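A look at the structure
Now for the letters of each chain:
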Amino acid sequence: MANNTSVTPLTEKTLTPRSRVKWSHVIIYVLLIVLAIICVVPFYIMIIYGTHTNAEIASKFIFLPGRSLVENYQSMMENVNIWRGFMNSLIISCCSTALTLYFGALNAYGFAKFNFKGNKILFWFVLATMMVPQQLGLVGTFRIMYLLHLLDTYASLILPAAANAFAVFFVKQFIDGTIPNEIIESARVDGAGEFKTFNRIILPMLVPALAALGIFSFIGSWNNFMGPLVLLFSNEKYPLPLLVQLLQGYYGTNYGVQYLGVALSVLPIIIVFAIFSKRIIGSVAIGAVKG
Amino acid sequence: MFSKTLRKDHYGYLFIAPFFIIFVIFGLYPIVYSFYLSLCNWDGFGNPVIIGFENYQRLLGDYMFYKSLFNTLFIWGISVIPQLTVSLIIAVILHEKFIKGKSIFRAVFFFPNIVTAASLGLLVALIFSWQTGSFNNLLMSLGFIHDPVNWPSRPYFMRLLVSGILFWQYFGYSMIIYIAGLQGISRDILEAAEIDGASKTQVFFRITLPLLRPIMIFQVVTSIIGGMQIFDQPYTLTNGTGDPNNSTLTTVMYLYKIAFTRYQYGYGSAVAFGLFIIIVIFSIISFVLMNRRSKSATSL
């Protein structure tokens, strides 16, 4: 008691609820930590098991890294070139994201700042397309790619990204909130063409919105599984998610190699997330609140 | 000056044209063509033959279609209920002032959401495999079981496993959205309630929860649209088979199987439209239910 009173005169009031609350704090922390462990353990297993031979994996539960990383890596590279898949994923995701951002912004600007006939109806139409699930047109997509000779090309996965309804919605909200008409009018007075105004003046102002949107669209494209599964046929064009699935076919019984492959497909995501986690989570929150 | 801007308005068409051209080619045409194909018989060679609504009649009598719907709904339902409740609880906890390491917890819980679903499916398949799975090895080293359990042969266990992957992937995402919603609730309201003598649970049920209702509706509707399209996780978990005994075969997997491994493009399209109709019905039902409940809650 003497200890307590010596701290500050205020403690007497706050002490009782504080010591009562503490137990519930402990329980809450335990809950959070247990859940965090459940979230992380599979990834830990993935990394550890990738460094073990099949025999070791089959015999017992393993906590610590083994010595067969190089061996597993070499036997994986015989059939599945994971770095090639990494490059393919990078090419497809970067190009898709660029198209989504540029054409999404272009379209959003058109809707936000030009009062043409049918503006409202067309914008509602764009919004409505967001509700339609992609799988609805799966067979038709296959057909149009065949007709345009785009089957088994990167373009079949990249080009459709130019028509991303969510991007339009997201950027239009941003334009409505931040870009005054005066800027556009003064550019017109100075004699700038409409597209020049957009590219030189408006686009740089949209960077904050485009950064958040870019994160979404890159992740979505990077993780896309069904698109490439239907539209690509040659192994050397496969992005990472398809290579992971290919591992299952080639190494049905070699578990160490499969673990390693999964680990290598997830590691870039872990690294990027470790660096940008705040931005990524922030953009998810913004997107959700706007949506 | 004003007339000058008015005359510029038709430029708007030029700005929206590229989007609409791409959309018509890669968004609208595929859907219209799929609908046309759903009225046809077509194996990919030659020309589609129109057969009217025969595919839809076949769909109505197709046991596997119903089974895939059941699988999808079961997997979705088991994952979505804990997803939306656990994430709400955690969001409320992480929104409290006293918690330390908030951003770390947030990051760890959210992380599985951005990992490739296909990778997660294969990872879980490896962990829960029969003779070499680390889950069996863990149970054996702890002395719970003597011999490895053949998990992949148990229909309900495998369905639960898919639900588990979905929960693992999406509760962090829901949590982030709830937190964003909680941050939108002004502290003044909550403090006023506390000054008036409301307990923490009262504040939660009477103020926080009703104010979060729009966000909950948003989450339920998006989870229905997403949940009916489950594909990546069960596909890679079962190496594309939907085993055991088609118990993890979701409707989209069934659609994929019919169209792209059996080359029945017409019937596959009919499955897609059947699923779409079901998604629309479920979205409307949930929307109406949630709205009605919020009305009765506000009238109380």
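Given the structure is predicted, the values throughout are model-derived calculations rather than measurements.

Check the secondary structure of chain B and you find 14 helices and two strands. Against the compact-globule benchmark of 19 Å for 300 residues, chain B has a radius of gyration of 24 Å, which places it well outside the compact range. Seen along its three principal axes, the alpha-carbon backbone of chain B occupies a region of about 85 × 75 × 35 Å. Considering chain B as a whole, with its 300 residues, one finds that 53% of them fall into the buried category. A separation threshold of at least 6 residues defines the contact pool for chain B, and within that pool the share at least 24 residues apart is 66%. Total accessible area on chain B is roughly 14100 Å²; 67% of this is exposed by carbon and sulfur atoms. Averaging the positions of the 20 positive and the 12 negative side-chain charges in chain B gives two centres separated by 5 Å.

Residues and elements named next belong to chain A. On the surface, Ile47, Leu267, Ile271, Val272, Ile275 and Phe276 cluster together into a nonpolar patch covering about 530 Å² of accessible area. With five residues, the top contributor of residues to the nonpolar patch is helix α15 (residues 255-290). Following the sequence through the fold, phenylalanine 276 ends up in helix α15. For phenylalanine 276, a relative accessible area of 42% corresponds to the partly exposed category.

Here the focus is the pattern of salt bridges. Residue and element names in this part refer to chain A. Enumeration according to the criterion identifies three salt bridges over all chains in this entry. Taking the shortest distance from any N to any O, the salt bridge between aspartate 152 and lysine 237 comes out at 3.6 Å. Note that aspartate 152 is positioned in the loop between α7 (138-147) and α8 (155-158) and lysine 237 in the loop between α13 (226-231) and α14 (240-250), a separation of 85 residues in sequence. Judged by relative accessible area, which is 14%, aspartate 152 ranks as buried.

Further remarks concern the packing of aromatic side chains. Scanning all chains against the criterion turns up 54 aromatic pairs over all chains. Taken together, a centroid distance of 5.8 Å and an interplanar angle of 70° make the contact between phenylalanine 198 of chain A and phenylalanine 15 of chain B edge-to-face. Here phenylalanine 198 of chain A is found in helix α11 (residues 194-205), whereas its partner phenylalanine 15 of chain B is found in helix α2 (residues 11-38) on a different chain. As far as the burial class goes, phenylalanine 198 of chain A and phenylalanine 15 of chain B line up, both buried. Plain terms: the ring middles of phenylalanine 53 of chain B and tyrosine 56 of chain B are 5.9 Å apart, the flat faces sit at 45° to each other, and that makes the pair tilted. Phenylalanine 53 of chain B sits in the exposed class, given a relative accessible area of 57%. The exposure class assigned to tyrosine 56 of chain B is buried, which follows from its relative accessible area of 15%. Members of the aromatic cluster, connected to one another through ring pairs, are Phe142 and Phe225 of chain A together with Trp42, Phe231, Tyr235, Tyr256, Phe260, Tyr263 and Tyr265 of chain B.

A separate point is the UniProt feature "transmembrane region" (unreviewed entry) in chain A. Residues and elements named next belong to chain A. Under the local residue numbering, the UniProt record ascribes the feature "transmembrane region" (unreviewed entry) to residues 26-49, 86-109, 121-148, 154-171, 201-222 and 256-276. Within residues 86-109, the helical portion is 100% and the strand portion 0%, while the C-alpha atoms at the span's ends are 34 Å from each other. Across residues 154-171 one finds 61% helix and 0% strand; the C-alpha atoms that close the span lie 26 Å apart.

The element α14 of chain A is extensively covered by neighbouring structure, given that nine of its eleven residues are classed as buried. Leu240, Pro241, Leu242, Leu243, Val244, Gln245, Leu246, Leu247 and Gln248 of chain A are the residues of α14 of chain A that are buried.

Mapped onto the fold, leucine 229 of chain A is located in helix α13. A residue is classified by how much of its surface remains accessible, and leucine 229 of chain A, at 13% relative accessible area, is buried. The spacing of leucine 229 of chain A and glutamine 245 of chain A is 16 residues in sequence and 9.7 Å in space, taken between C-alpha atoms. Those residues within four positions of leucine 229 of chain A in sequence are excluded, and the remaining contacts are Leu242 and Gln245 of chain A together with Phe231, Tyr235 and Tyr256 of chain B.

The next subject is the confidence of the model for chain A. All names here are of chain A. On average, residues of chain A score 86 in pLDDT, and 91% of them reach the 70 mark or higher. Within chain A, helix α1 (residues 2-7) has the poorest average pLDDT of any element, 42, and α8 the best, 95. Confidence drops under a pLDDT of 50 for residues 1-16, and excluding neighbours within four residues, the segment shows four contacts in the predicted structure.

What counts as what
- Residues numbered from 1 in each chain as written.
- Chains lettered and ligands numbered in written order.
- Predicted model: local features only at pLDDT ≥ 70, side-chain atom pairs only at ≥ 80, totals over all residues.
- Heavy atoms only, no water.
- Helix = DSSP H or I, 4+ residues; strand = E, 2+ residues; numbered from the N terminus.
- Rg over C-alpha atoms; globule rule 2.2 N^0.38 Å.
- Buried < 20%, exposed > 50% of the residue type's maximum accessible area, 1.4 Å probe, protein only.
- Contact = heavy atoms within 4.5 Å.
- Areas by Shrake-Rupley, 256 points an atom, 1.4 Å probe, with all protein chains shown as cover.
- Lys, Arg positive; Asp, Glu negative; His and termini not counted.
- Charge placed at Lys NZ, Arg CZ, Asp CG, Glu CD.
- Patch = residues over 30% accessible without salt bridge, like charges linked within 9 Å, V, L, I, M, F, W, Y side chains within 5 Å.
- Salt bridge = Lys/Arg side-chain N within 4 Å of Asp/Glu carboxyl O.
- Phe/Tyr/Trp six-rings, centres within 6.5 Å; stacked < 30°, edge-to-face > 60°.
- UniProt positions renumbered as here; feature names shortened; annotations may be inferred.
- pLDDT = per-residue confidence, 0-100.

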